[in-house]
Each structure stands twice: as structure tokens, then as C-alpha cells.
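# Examining the three-dimensional arrangement
Below, each chain spelled out in residue letters.
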Amino acid sequence: MILNEEQQMLADLAERIFADKASVDTLRAIRGGSHGQDYDHELWQAMVESGLTGILVPEDQGGMDFGLVSAGLVAREVGRRLALTPFLSTAVLAAIAIGRGGNDEQKGRWLGSIAGGELIAALALDESAKHRPERVATEAQSTGDGYTISGAKTLVLDAANADVLLVSAMLDGTPRLFAVEAGDAGVATTPVVSLDTRSMADVRFDGAKAELLDGDANALDAVLDAGRAILAMELVGLARAVFERTLGYLSERKQFGQRIGAFQALQHRAAHLSVEIEISEAMAFQALAAFDAGAEDASLQILAAKARAAETARLASAEGVQMHGGMGMTDEFDIGFFMKRARAASELFGDANFCTERFARAKGY
Amino acid sequence: MGDMEAFRAEVRSWLEENCPPEMRQPLASDKEHVWGGRQWEFSSEAQRVWFERMVEKGWTAPAWPVEYGGGGMTPAEHDVFKSEMKRINARSPVSNFGFWMLGPALLKFGSEEQKREHLPAIARGEIRWCQGYSEPNAGSDLASLKTSAEIDGDHFVVNGRKIWTSYADRADKMFCLVRTDPDAKKQAGISFILLDMESPGVSTRPIQLISGESPFCETFFDDVRVPRDNLVGELNQGWTIAKYLLTHERDNIGGEPPGLLKGRDLAKMALEAVGADENGRLDDPMLRADVARLEIDAMAFRTLVEHTRAKAEAGEGVGARSAMLKYYGTELNKRRYNLMMDAMGGQGLEWESERTHGGRYAREWLRSKGNSIEGGTSEIMLGIISSAVLELPKG
Ligand SMILES: Cc1cc2nc3c(=O)[nH]c(=O)nc-3n(C[C@H](O)[C@H](O)[C@H](O)COP(=O)(O)OP(=O)(O)OC[C@H]3O[C@@H](n4cnc5c(N)ncnc54)[C@H](O)[C@@H]3O)c2cc1C
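Residues numbered from 1 in each chain as written. Chains lettered and ligands numbered in written order. Predicted model: local features only at pLDDT ≥ 70, side-chain atom pairs only at ≥ 80, totals over all residues. Heavy atoms only, no water.

## What to know about the overall build of chain A
Along its length, chain A carries 11 helices and nine strands. Its C-alpha radius of gyration of 20 Å places chain A within 12% of the 21 Å reference for a compact globule of 365 residues. Dimensions of chain A, computed from C-alpha atoms along their principal axes, come out at roughly 80 × 45 × 40 Å. Expressed as a percentage of the 365 residues in chain A, the buried residues total 60%. Relative to all contacts within chain A whose residues are 6 or more apart in sequence, the contacts with residues 24 or more apart total 74%. Only carbon and sulfur atoms are counted for the fraction: they give 48% of the accessible area of chain A, which is about 13,900 Å². If the 34 positive side-chain charges of chain A are averaged to one point and the 52 negative ones to another, these points end up 8 Å apart. (Helix = DSSP H or I, 4+ residues; strand = E, 2+ residues; numbered from the N terminus. Rg over C-alpha atoms; globule rule 2.2 N^0.38 Å. Buried < 20%, exposed > 50% of the residue type's maximum accessible area, 1.4 Å probe, protein only. Contact = heavy atoms within 4.5 Å. Areas by Shrake-Rupley, 256 points an atom, 1.4 Å probe, with all protein chains shown as cover. Lys, Arg positive; Asp, Glu negative; His and termini not counted. Charge placed at Lys NZ, Arg CZ, Asp CG, Glu CD.)

Set out below in C-alpha cells:
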């Protein structure tokens, strides 16, 4: 994809910030509990300072309003560096949920704080181990001047750090988005130690005080699209990074008196993988652009992008481990972290099977 | 045939009487596997009872000759025994590299004294063995190994370093490949020796796996003295034994799925985790097709394994064809664990929770990635098939 000037600048900026701040060492420190936080605090501050947290927030609310392609350029860096940051939950999902779903007063109250880095928000959507966004058992009840919600959510990213939770709940037979203060007495958050060290939690709502996002009632669809699209870019970035490391190893490791990259059996697989990555990246960029353009088939393209990116990242990380031999199986070596992250990012917002099946449905077969 | 039915009845009733109910459940975690050895501690009374009864009966190594502590079963009897064990889901009472690899090697290449010294100790679960083959610069190219053993009177003096030695820190003894003739061509200067891990100069450093477990180690040898009697086979002929053993290891890895999926039905797990549609079918059509494809492949593969075993028992050499089993069996197992993760969804992303028994799905899925690396990588297996089975021209 050919980036415009603004996007190119942003790509360079994101690359610089992540190269400077994000590292697998921080991931290890967070995993080991010595970082003090369950996300990379310094990186997040740097993102706030350079405006990346407001990338999808309108300019009149203090954001940059750059669109999803630009957010995708950041997500690619997130995947590439295995960064642990609330970028997806707050700067993307919450910004879109509120930006589309909120009324003017709600936008005014929250979007500026997201851009300014004063607010972390989490999206509570899934209720079962597999992503089934339309199966919502959580219910909202009117209390006259507001609502309360009750139900149980799982796989909630960054819930433990969040100030506000955005929750899907049934209202008059349709799922709508509600905002709940994370500190409300009716909210119980149980952190889950995750495979890839991403901040994740189960959250129970028991008559929690809730506020309906009463702008566009279809905001949830846009949130799902954006989430899948951004994860697709994260997966593409991850696939590229694990591939680069693998190429490095192929050029370095010697067996049978030669570098293993000289074996044609491995060469062809590396070459194949490079083609897969190029295709998946092209698809992801195009899908993000379709979202920005409000194209009619944007959802369809995003499903295609996520399905492909998930398969590509799975292949890239599996080949990465295999081609590193015993070394790839060790925790000391970073390669396994990519495999773990690929698995988690694929699962969130619908795995390759889910996206492929929805793609077929959307196509009408 | 009649004899075999009588044998089956005997095995069945003995197992019924002697296998505790707890030992008929799939392992709740790898920690419940009984490895045996000097440092071994049983984690339950049922485990101890089952182990002791089987040792007493001589059925821990059913096919080894009785005089070496085995059960003396013929191949046909051994098949019956295995199917009866499987029928009640009986756990293995004890196993380690001694049973899988060293035993078969000693039976074929060991001296009478070596057989008498080591085989009964393995069968009785007294000595736990590890395999010292790989080195930092000798993995796929195993024959370039450098750990040296110099002859000094009645002893070898061993120096060097092994890596990826599974359970080296918990094993009592190691069978080890060492270079005894530095001037000979690669394969020609290697010997197969047995050494005690308690010998002065042996040290180990555990290495953590991506699954978070740390079953393997780096092993260092610093002037370790090993009696010359511990040489198996002829001096500088160790490569023949190593090759024979690798075939055995490959057979093993290519067999039943280990760990979590052993004795568990993937389709049932998926149905429980994902749920059923209105017709009672797995409510994820893509996953359903994937699971069915896997089951078909697994069923077909099992048939090939059985044919190959039958041929081997009839005295036909399996040779390089074992590479086919190792290759396909391990790739199949990796697929199986991928599908399990697809089925478990969010639960597969949990690393420590109680409901996942400490992140068992994720950890075993990660561990399965090593199947196509350990015991010779898939690439090396495909190379062997190309050259030794298909006899394609070499570059
Ligand atoms: C879980 C686990 C347990 C193990 N346990 C033991 C043990 O108990 N004892 C022991 O001695 N060893 C053990 N090993 C080591 C194992 O045997 C080696 O890891 C394996 O032989 C590969 O060697 P390597 O790691 O050096 O990889 P390398 O040989 O460096 O291979 C790196 C990559 O290059 C590929 N490659 C190499 N040569 C070629 C070629 N000619 N053509 C095409 N591709 C090629 C490989 O297939 C691999 O993908 C274990 C390994 C694992 C993962």
C-alpha cells in the first residue's frame, strides 16, 4: 500500500517510538511481576505524548483523527515489538465505541481524556470461550433515570487498568453498549494470567450502575470491525518480525558444514512465507482503508484480512520455532513469545475459522 | 488362537484385580507420570501400589526376557497385553528413557554382564536414564559431536558439553555418545558409553521451555572418569547403536498422542467447549470439518503403524521407513493440539487458572511443537525418506 505523506510520517514516528521504548525485556519484566504494572507504562506515556492515543479521536476533541489505516500502522509496531499497551482497548475500541455510539455530551466527557491519556477504557464483550458477539446474556434494566446491568464477561482486555468499562448488554431485545465506572460496587474484576501476558480479566456485573451510549445504535458493528482490523495489522507486524528473526537464524546457524539457510528445503518454505506475509499485509491495509472510506464491503474485507493474518501469523511463528530447532523451544530465546501472541491475537474478536465462516455468510453462501 | 484367548483372560483378570481405579484415569498433569529412579517419590498411594504390583509381576517391561527382569511375552502376547491395558485405560506404571531406548539397545548390542547389570534395574524402576546425544553444534548433524572420551588405563576421561538432555537433572545415569577417535571420519570415531550422573565432574543446568516447564538441561563433563567396561558394543562403533536407537525413539514418538490428549476424545472436548447446534452437531462448521479430517488422518495413520509393526514382528526390517512414521505422527500430533486450542478458545489463553488445571491447554500445545524437533526434525525425516526410501539422486 502506498502511504500518503501524513501516514508515512506517522509510520516513521510509530517505528521510532516503539524501537526506542518497546522491548521483549519489558514483556519479560511484566510477566515476572517486576514491572509493577501489567502493561508497558513508559511506552504508553510516550504514545500519549506523541498523540498516538488520540489517533482516532476527532480534532475538536483534542485528537488527530487520522483514521484506521494510521491506527493500523501503530498496531503493526505493537505486533512487531510484542508491546503490552492499552492501545487496542482504549485508543481504538473505546474511541470508536464512544465516537460512534455516544451522544455529544458523552463524547465531550470521554474522548478528550482518551486522547490526553487520562482515561483507560476496556471493552467487555465476550461471554463464552469462543467469540460469539451476538450471544449476549448480560441484561440492562431501566431504573428511570439510568440503567443497571448484570451478567458475566470474559477475555476483557485491560479491565484491571480501566477507569471505564464499555459493556454490551441486551436492551429491549437488542445488544447495546453501556458505560460502567470500573470502581462501581456492582463490578467484580478477576484478572486472568494470560498465555501472552496481555492484561486480561473476567468481569462480573451485578446490578452495576450503567449509562447507555445513546448515539448510533449500530456502533457495536463498527467496534467489531475496527477491533478485527487492528488485530489483523498486529498479526501482520508480528508475522514480519518473527520472520525476520528466522531469516537471521537461517543465515547464521550452521549444520553439516553449511548455513542452514543454504538448504533448499528451508529456502522454499521461507520464500513461501514471505509471499504469504506480503499478501496478508496488502489485504489488511486495503481492509483498513475500506473502513476509513466507509465502503459498503468494509466488514467483508476486514473478515478476510483477519482470517488471513491469523493464518499467516500462525504459520510464521510455527516455522519460526521449527527452524530454530531446540533453540526455538526455549524460554530464553524470544521466538516462543511470538507464537503465544499469535495465538491470542488470532483468538480475540474471532479466530480464522470464525472470520472465514462469517465471510462466506456475508457473501451469501 | 485358543492359547491367546486364555492369555487374554489371564491378563484381563489380573489387571482387573490389581490396577487401582485411580490408575485408570488419564493423567491430570504430567507431574503424575511415574519416572522412577533413585530420587523418585510417589505422589499417591495408588501410584505406589500399582508400580509395586507391576514390578513384582514383571510387567513393567513386558516384552523383555524374564532373566533380565521382563515379562517374557511374545510379540503376539505383548499386543494382547497392550490392548488389555488400553481397555481399562491403565496408566503406565513407570517409564523413562531406560525402557524406551537403552533397554532395546542393550538387548541387541550389550554384553551379558551389561544386560544383567542394567536391564533388571530399569525394569524395577530403580534407575532412571537420560539420553546424551545432542550438542550445541551437533543437532541435526549429530555425527559432528565433539564431546571427547580419552582412554586412560581402565577408564575413559570424558570432556565436553551436551545440550537438550531431557531430565538430566533428575536422571541417575546417562547413555552418551562420545568421540573416541578424533582423527577418524565423523561417524567412524564415535562410541556409545554409559555413565553415572553422580560421577565427579558431571554438572547440569536446567533450561526452561516455552511451556514454562523445564524438563531439559545442558550437561557439562569436566574430566569425568568412566570405567571402560561401560562401553556398549565395540570402540568407535557407537554410531550403529545410535542409529538403531533413534529408530526406536522415532517409533515411540510416532505412536499415541502423549499428555492431555492421551485417552481423551478431541471431538468430545470440542463439543463441550464450543457447544452444539440445534442438530447436536459441533457449533462451528469449520472446526468440525478440521476435527473430522484429523480423525480420518489419525485413523489411517494408525493402520500404517500397525502394518509396520506387524511386518517388523514378522522379521521384516522397517529401517528408514520409521522416518515416515516419525514425520507423520509428530506432525499429526501438532495438528491435534492446534485443533484443541481452536476448540478451547479463551480457555486456551489462560496460563495459570484453576479451571484449566494451571494453563494445561496452552502449555501442552506449546510442548507439542517440540515433537517435530526432538529425536530428529521433520526436515531430517523427510531427507531420510527422500534418500533412503525413495533413493532420489543426491545434490
Ligand atoms: C523437547 C526436546 C527434547 C529433547 N530431548 C533430547 C534428549 O533427551 N537428548 C538429546 O540428546 N537431545 C534431545 N533433544 C535435541 C534434539 O534431538 C535436537 O534439537 C534436534 O536433533 C535438532 O537439533 P538442533 O536443535 O541443533 O537444530 P538444528 O539442527 O540446528 O536445526 C535447525 C533447523 O534446521 C533444519 N535443518 C538442519 N539440517 C537440515 C538439512 N540438512 N535440511 C533441511 N533442514 C535442515 C532443522 O530441521 C531445523 O528446522 C531434544 C529436543 C527437544 C526440542
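Having seen the model, we can carry on.
## Things to note about a negative patch on the surface
Taken together, A:Glu6, A:Glu59, A:Asp60 and A:Asp65 make up a surface patch of like negative charges. Following the sequence through the fold, A:Asp60 ends up in the loop between helix 3 (41–49) and helix 4 (68–81). (Patch = residues over 30% accessible without salt bridge, like charges linked within 9 Å, V, L, I, M, F, W, Y side chains within 5 Å. Salt bridge = Lys/Arg side-chain N within 4 Å of Asp/Glu carboxyl O.)

## Observations concerning the environment of A:Ala152
All names here are of chain A. Mapped onto the elements of the fold, Ala152 is located in strand 3 (residues 147–157). By relative accessible area, which is 32% here, Ala152 ends up partly exposed. In this structure the C-alpha to C-alpha distance between Ala152 and Pro86, which are 66 residues apart in sequence, comes to 22 Å. Aside from chain neighbours lying at most four places away, what touches Ala152 is Asp126, Glu127, Thr138, Val203 and Arg204.

## Regarding the nonpolar core
Looking at soluble globular proteins, one finds that nonpolar side chains tend to be buried together. Membership of the largest hydrophobic core comes to 159 residues, with the highest contact counts inside it found for A:Leu68, A:Val74, A:Phe205 and B:Met340. Here this core gets 20 residues from one element, more than from any other, and that element is helix 7 (residues 219–250) of chain A. When neighbours within four sequence positions are excluded, B:Met340 is seen to be in contact with B:Leu260, B:Leu261, B:Leu266, B:Met269 and B:Tyr361. Formed by 37 residues, the second largest nonpolar core is a distinct cluster that contains B:Ile122, B:Ile127, B:Phe175 and B:Ile190. (Core = buried A, V, L, I, M, F, W, Y, C linked by side-chain atoms within 4.5 Å.)

## Notes on the domain arrangement of chain A
Residue and element names in this part refer to chain A. Once the domains are mapped, chain A shows domain 1 (5–115), domain 2 (121–212) and domain 3 (219–362). Spacing between the C-alpha centres of domain 2 and domain 3 amounts to 29 Å. Across the contact, 15 residues belong to domain 2 and 19 residues belong to domain 3. Across the interface of domain 2 and domain 3, roughly 1,400 Å² is buried in total on both sides, 68% from carbon and sulfur atoms. (Domains from an automatic or database assignment. Buried area = accessible area lost by both parts, 1.4 Å probe.)

## So, the pattern of salt bridges
Residues and elements named next belong to chain B. As enumerated under the stated definition, the model contains 56 salt bridges over all chains in all. Measuring nitrogen to oxygen at the nearest pair gives 2.7 Å for the salt bridge that ties Arg48 to Glu52. Of the two residues, Arg48 and Glu52 both sit in helix 2 (residues 45–57), four residues apart, roughly one turn of that helix. Between Glu350 and Arg355 there is a salt bridge, and its shortest N-O distance comes to 2.5 Å. Put simply, Glu5, Arg8, Arg12, Glu16, Arg24, Glu84 and Arg87 are held in one network by salt bridges that share partners.

## Concerning the site of the ligand
Taken together, 28 residues lie near the ligand, and A:Arg253, B:Ser140, B:Trp164, B:Thr377 and B:Glu379 sit nearest. The environment of the ligand is shared, with nearby residues belonging to chains A and B. A distance of 2.6 Å separates an oxygen atom of the ligand from a polar side-chain atom of A:Arg253. Note that an oxygen atom of the ligand is positioned 2.9 Å from one of the backbone N or O atoms of B:Tyr133. Alone, the ligand offers 980 Å² of accessible surface; in the complex the protein occludes 94% of this. If you list the elements that add at least two residues to the shell around the ligand, you get helix 9 (298–323) of chain A together with strand 3 (155–166) and helix 11 (378–389) of chain B. A per-class count over the shell around the ligand returns 12 nonpolar, 12 polar and four charged. (Near = heavy atom within 4 Å. Polar contact = N/O pair within 3.5 Å; in protein donor to acceptor, adjacent residues only side chain to side chain. Nonpolar A, V, L, I, M, F, W, Y, C, P; charged D, E, K, R; others polar.)

## Side note on the side chain of B:Ser353
All names here are of chain B. In this structure, Ser353 sits in the loop between helix 9 (322–344) and helix 10 (360–368). The class of Ser353 is buried, set by a relative accessible area of 19%. A polar side-chain atom of Ser353 sits 2.5 Å from a polar atom in the side chain of Glu350. With residues near it in sequence (within four places) discarded, Ser353 still touches Gly358 and Gly359.

## Details of the packing of helix 4 (residues 97–109) of chain B against helix 5 (residues 112–123) of chain B
Residues and elements named next belong to chain B. With their axes 10 Å apart at the nearest point, helix 4 and helix 5 run at an angle of 160° to one another. Classified by the angle between their axes, helix 4 and helix 5 sit roughly antiparallel to one another. Here the hand of the crossing between helix 4 and helix 5 comes out left-handed. Contacts between helix 4 and helix 5 involve Gly98, Phe99, Leu102, Gly103, Leu106 and Leu107 from the first element and Gln114, Lys115, His118, Leu119, Ile122 and Ala123 from the second. (Axes fitted to C-alpha atoms, helices over the stretch in contact; angles between N-to-C directions. Parallel < 35°, antiparallel > 145°, perpendicular 65-115°, else oblique. Left-handed = near helix turned anticlockwise from the far one by under 90°.)

## Re the interface of chain B and chain A
Taken together, the contacts link 48 residues of chain B with 39 residues of chain A. Along the contact surface separating chain B from chain A lie six salt bridges. Here B:Asp342 ties to A:Arg314 by a salt bridge, and the two come within 3.0 Å at their closest N and O atoms. Our enumeration of links across chain B and chain A arrives at 22 residue pairs in polar contact (both at pLDDT 80 or more).

## Concerning helix 4 of chain A
Residue and element names in this part refer to chain A. For helix 4, with 14 residues, the first-to-last C-alpha span of 20 Å sits near the 20 Å given by 1.5 Å per residue. For helix 4, the tally of buried residues reaches 12 of 14 residues, placing the bulk of the element in the interior. For helix 4, every residue scored as buried is listed here: Leu68, Val69, Ser70, Ala71, Gly72, Leu73, Val74, Ala75, Arg76, Glu77, Val78 and Gly79. For helix 4, the secondary structure elements touched by its buried residues are helix 1 (5–21), helix 3, helix 5 (87–101), helix 7, helix 8 (264–292) and helix 10 (335–347). (Expected span 1.5 Å × (residues − 1).)

## A look at the pairing of strand 2 (residues 139–142) of chain A
All names here are of chain A. Bridge count between strand 2 and strand 3: four bridges; the pairing is antiparallel. Bridged to Glu139 within strand 3 is Ser150. Joining the antiparallel neighbours strand 2 and strand 3 is a turn of four residues, in which Gly144 adopts a positive phi near 95°. (Pairing = 2+ DSSP bridges.)

## Focus on the environment of A:Ala289
Residues and elements named next belong to chain A. Structurally, Ala289 is set in helix 8. Residue class for Ala289 comes out partly exposed when judged on its relative accessible area of 28%. For the pair Ala289 and Thr53, spaced 236 residues apart in sequence, the C-alpha to C-alpha distance is 20 Å.

## Brief notes about the packing of aromatic side chains
Any two aromatic rings considered together are summarised by their centre-to-centre distance and by the angle between their planes. Under the defined criterion, the tally for this structure stands at 17 aromatic pairs over all chains. Aromatic pair B:Trp14 and B:Trp59: ring centres 5.0 Å apart, planes at 70°, arrangement edge-to-face. You can see B:Trp14 sitting in helix 1 (residues 2–18) and its partner B:Trp59 sitting in the loop between helix 2 and helix 3 (75–87), a full 45 residues away along the chain. Each member of the pair, B:Trp14 as well as B:Trp59, is classed as buried. A ring pair is formed by B:Phe109 and B:Tyr244, whose centres lie 5.5 Å apart and whose planes are at 80°; its orientation type is edge-to-face. With B:Phe109 in helix 4 and B:Tyr244 in helix 6 (residues 238–253), the pair connects residues that are 135 residues apart, well separated along the chain. Between the NZ or CZ atom of A:Lys340 and the centre of the ring of A:Phe337, over which it lies, the distance is 5.4 Å. One residue, B:Lys57, lies across the ring of B:Trp59, its end atom 5.1 Å from the ring centre. (Phe/Tyr/Trp six-rings, centres within 6.5 Å; stacked < 30°, edge-to-face > 60°. Lys NZ or Arg CZ within 6 Å of the ring centre and 35° of its normal.)

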